[in-house]
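# Commentary on secondary and tertiary structure
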Amino acid sequence: MSIFRARLKFTGEVVKEPIIYRLVKNFDVVPNLRKALFDYDTGWVDIEISGDFDEIERAVKALKEWGVEVFPIEGDVIE
């Protein structure tokens, strides 16, 4: 089991999309939302995504394809 920590940034129409639902529906990963802030047309989420390494990689690739900016978090930033 691997864990990937990141800040996901959403802008424009992506803010209105059910991105976390799509992660769970399309990939065998477990998202754990740690912090979030959203406004009308922008937002971010600090997230831990756990699962098989290859599945996490596929999920992160999909996030980028869906228009989400992905910034890996190192260390204990989320805690």
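In this report, the structure presented in the accompanying data block is examined.

Cut-offs applied
The residue numbering used here restarts from 1 in each chain and proceeds along that chain's sequence as written. Owing to the predicted nature of the model, reporting of local features is limited to residues with pLDDT of at least 70; listing and counting of side-chain atom pairs is limited to 80 or more, with chain, interface and lining totals taken over all residues. Note that water and hydrogens are dropped before the side-chain values are worked out from all heavy atoms of the structure. For the purposes of this entry, the term helix denotes a DSSP run of H or I that reaches at least four residues, the term strand denotes a run of E that reaches at least two, and both are numbered from the N terminus. Just to be clear, the radius of gyration here is over C-alpha atoms, and the globule rule we use is 2.2 Å times residues to the power 0.38. The cut-offs for exposure are 20% and 50% of the maximum accessible area for each residue type, with area from a 1.4 Å probe on protein chains only; residues under the lower value are buried, those over the upper are exposed, and the others partly exposed. All accessibility values rest on the Shrake-Rupley procedure with a 1.4 Å probe; residue burial counts only the protein chains present in the view. Residues counted as positive are Lys and Arg, residues counted as negative are Asp and Glu, and His and the chain ends are not counted. By convention, the charge on Lys lies at NZ, on Arg at CZ, on Asp at CG and on Glu at CD. Note that patches include only residues with greater than 30% relative accessible area and no salt bridge, and the join distances are 9 Å for like charges and 5 Å for nonpolar side chains (Val, Leu, Ile, Met, Phe, Trp, Tyr). Definition used for salt bridges: Asp or Glu carboxyl oxygen within 4 Å of a side-chain nitrogen of Lys or Arg.

## Quick notes on the overall build of the protein
If you tally the helices and strands in the protein, you get two helices and four strands. Order of helices (α) and strands (β) in the protein, N terminus to C terminus: β-α-β-β-α-β. Taking 2.2 N^0.38 as the reference for a compact globule, 79 residues should give roughly 12 Å; the C-alpha atoms of the protein span a radius of gyration of 12 Å, in line with that estimate. Expressed along its principal axes, the backbone C-alpha trace of the protein runs to roughly 35 × 30 × 15 Å. Within the span of the protein, comprising 79 residues, buried residues form 35% of the whole. Of the roughly 5,100 Å² that the protein leaves accessible, carbon and sulfur atoms contribute 50%. Taking the average location of the 11 positive side-chain charges in the protein and that of its 16 negative ones, the two points are 2 Å from each other.

## Concerning a negative patch on the surface
Negative charge collects at one region of the surface, where D28, D52, D54 and E57 lie side by side. Summarising the element assignment, E57 is placed in helix α2 (residues 53-65). What makes E57 partly exposed here is its relative accessible area of 45%.

## Thoughts on the side chain of D46
Inspection of the secondary structure assignment puts D46 in strand β3 (residues 42-51). Given the relative accessible area of 2%, D46 is considered buried.

## So, the pattern of salt bridges
Applying the stated rule across the entire model yields six salt bridges. D46 is the salt-bridge partner of R7, the closest N and O atoms lying 2.7 Å from each other. Residue R7 is found in strand β1 (residues 2-11), and its partner D46 is found in strand β3; the two are separated by 39 residues along the sequence. When its relative accessible area of 28% is taken as the criterion, R7 is described as partly exposed. A salt bridge links E17 to R22; the nearest nitrogen and oxygen atoms lie 3.8 Å apart. Classification of E17 as partly exposed rests on a relative accessible area of 42%. One network of salt bridges, with partners in common, ties together R5, R34 and E48.

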